[in-house]
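Each chain, written out:
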Amino acid sequence: MNGPVAYLVTTLGCLIGAAGVVVAVVAVRKGRKAARPAAPADPFQDTDSDALRGDPRTLKPGDIVEIRRVSYAVRGSVHLNEGSWSWAEHLLDTVEGDKRWLSVEEDPDLELVLWTAEPAATITPGASTLDFAGRRYALEESGQARFTATGSTGLDPSGTLRYHDYRAQGGERLSFEAYGQAGWEVARGEQLHRADVMVYPQAGPEAS
C-alpha cells in the first residue's frame, strides 16, 4: 500500500472512531436522562380506592361526584396555596339546586369535608373557642392564602383568602372564610370517609 493511500485509510479510521465515541457519549447521556428517578410517592396512598371510586384530587368543573348516594355536579373549583401548602374547594350543586362545598386536602392523608353554608350565622372568628348551634368549637388554625378559581364560583379568577378553622369534639368543623375584602362566610363541615365519595370524571377540555 503506497503512502497516500495508507494516510487516507488511517485518517478515515480516526474519523470513524471519533464518531463512535460521540454516539456512545450521546447514548449514555440519553440513558441517564431516561433513568432519572420519579418524584417521591406516598407508599400508603390508597390507590385501589382511587382506581375503583375515582380520585377526588383531580376533580374539576363539569365532573360529577356522588356523596352518600346523592349526585352533585362540580360547578366550580378553587385552588388555594399558603406557602408550600395547597388544597382545593369545589362548589357542588344538585339538580334541585342544593349547593355544598367539598374540600380536598392531604394532611398528609387524604381528607374530605362536606360543607354546608350558614348564611344566618352572626358569630365572628378570632376567639380560642366558639359556641354555635349547641356545639363548642376550638380554634384549629387560621391564616391567609392565595387562590385561583375556575368554573362558576362567583369569585374573581384569583385573589386572597383569610380563614379561621374550628373543630368540635367528634370531628365536626366550623369554618370562616373571607375572600378579598368581603365579609366572613360561615360554614359547618362534616368529615367524609373515602368510601362516601365516588367521582365520575367528564370529558371536556380540561379532562386528562
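Going by the structure above, here's the rest.
Residues numbered from 1 in each chain as written. Predicted model: local features only at pLDDT ≥ 70, side-chain atom pairs only at ≥ 80, totals over all residues. Heavy atoms only, no water.

Examining the nonpolar core
For step 1, the next point in the chain: The biggest cluster of nonpolar side chains holds 13 residues, and the ones touching the most others in it are Val65, Ile67, Leu92, Leu102, Leu192 and Val197.
For step 2, the next point in the chain: Elements with a contribution of two residues or more to this core: β1 (64-67), β2 (70-82), β4 (99-106), β5 (110-117) and β11 (197-200).
For step 3, the next point in the chain: Core analysis: the next-biggest nonpolar cluster, separate from the first, contains nine residues, Val78, Trp87, Tyr163 and Tyr179 among them. (Core = buried A, V, L, I, M, F, W, Y, C linked by side-chain atoms within 4.5 Å. Buried < 20%, exposed > 50% of the residue type's maximum accessible area, 1.4 Å probe, protein only. Helix = DSSP H or I, 4+ residues; strand = E, 2+ residues; numbered from the N terminus.)

Topic: the pattern of salt bridges
For step 1, the next point in the chain: Applying the stated criterion across every chain yields a total of 13 salt bridges.
For step 2, the next point in the chain: Among the salt bridges present, the one from Glu190 reaches Arg68, with a minimum N-O distance of 2.8 Å. In this pair, Glu190 sits in strand β10 (residues 185-192) while Arg68 sits in the loop between β1 and β2, placing the two residues 122 residues apart along the sequence.
For step 3, the next point in the chain: We classify Arg68 as partly exposed; its relative accessible area is 41%.
For step 4, the next point in the chain: Between Arg100 and Asp98 there is a salt bridge, with its nearest N and O atoms 2.5 Å apart.
For step 5, the next point in the chain: Linked by salt bridges that have partners in common, Asp55, Arg57 and Glu106 make up one network. (Salt bridge = Lys/Arg side-chain N within 4 Å of Asp/Glu carboxyl O.)

Things to note about the pairing of strand β3 (residues 85-93)
For step 1, the next point in the chain: Among the nine residues in β3, seven count as buried, and that is most of the element.
For step 2, the next point in the chain: Pairing between β2 and β3: nine bridges, direction antiparallel. Across the sheet, Val78 pairs through a bridge with Glu89, a residue of β3.
For step 3, the next point in the chain: Connecting β2 to the antiparallel partner β3 that follows it, the hairpin turn spans two residues, and Gly83 within it adopts a positive phi of roughly 65 degrees.
For step 4, the next point in the chain: Between β3 and β4, which pair antiparallel and follow one another directly, the connecting turn spans five residues, one of which, Gly97, has a positive phi of 90 degrees. (Pairing = 2+ DSSP bridges.)

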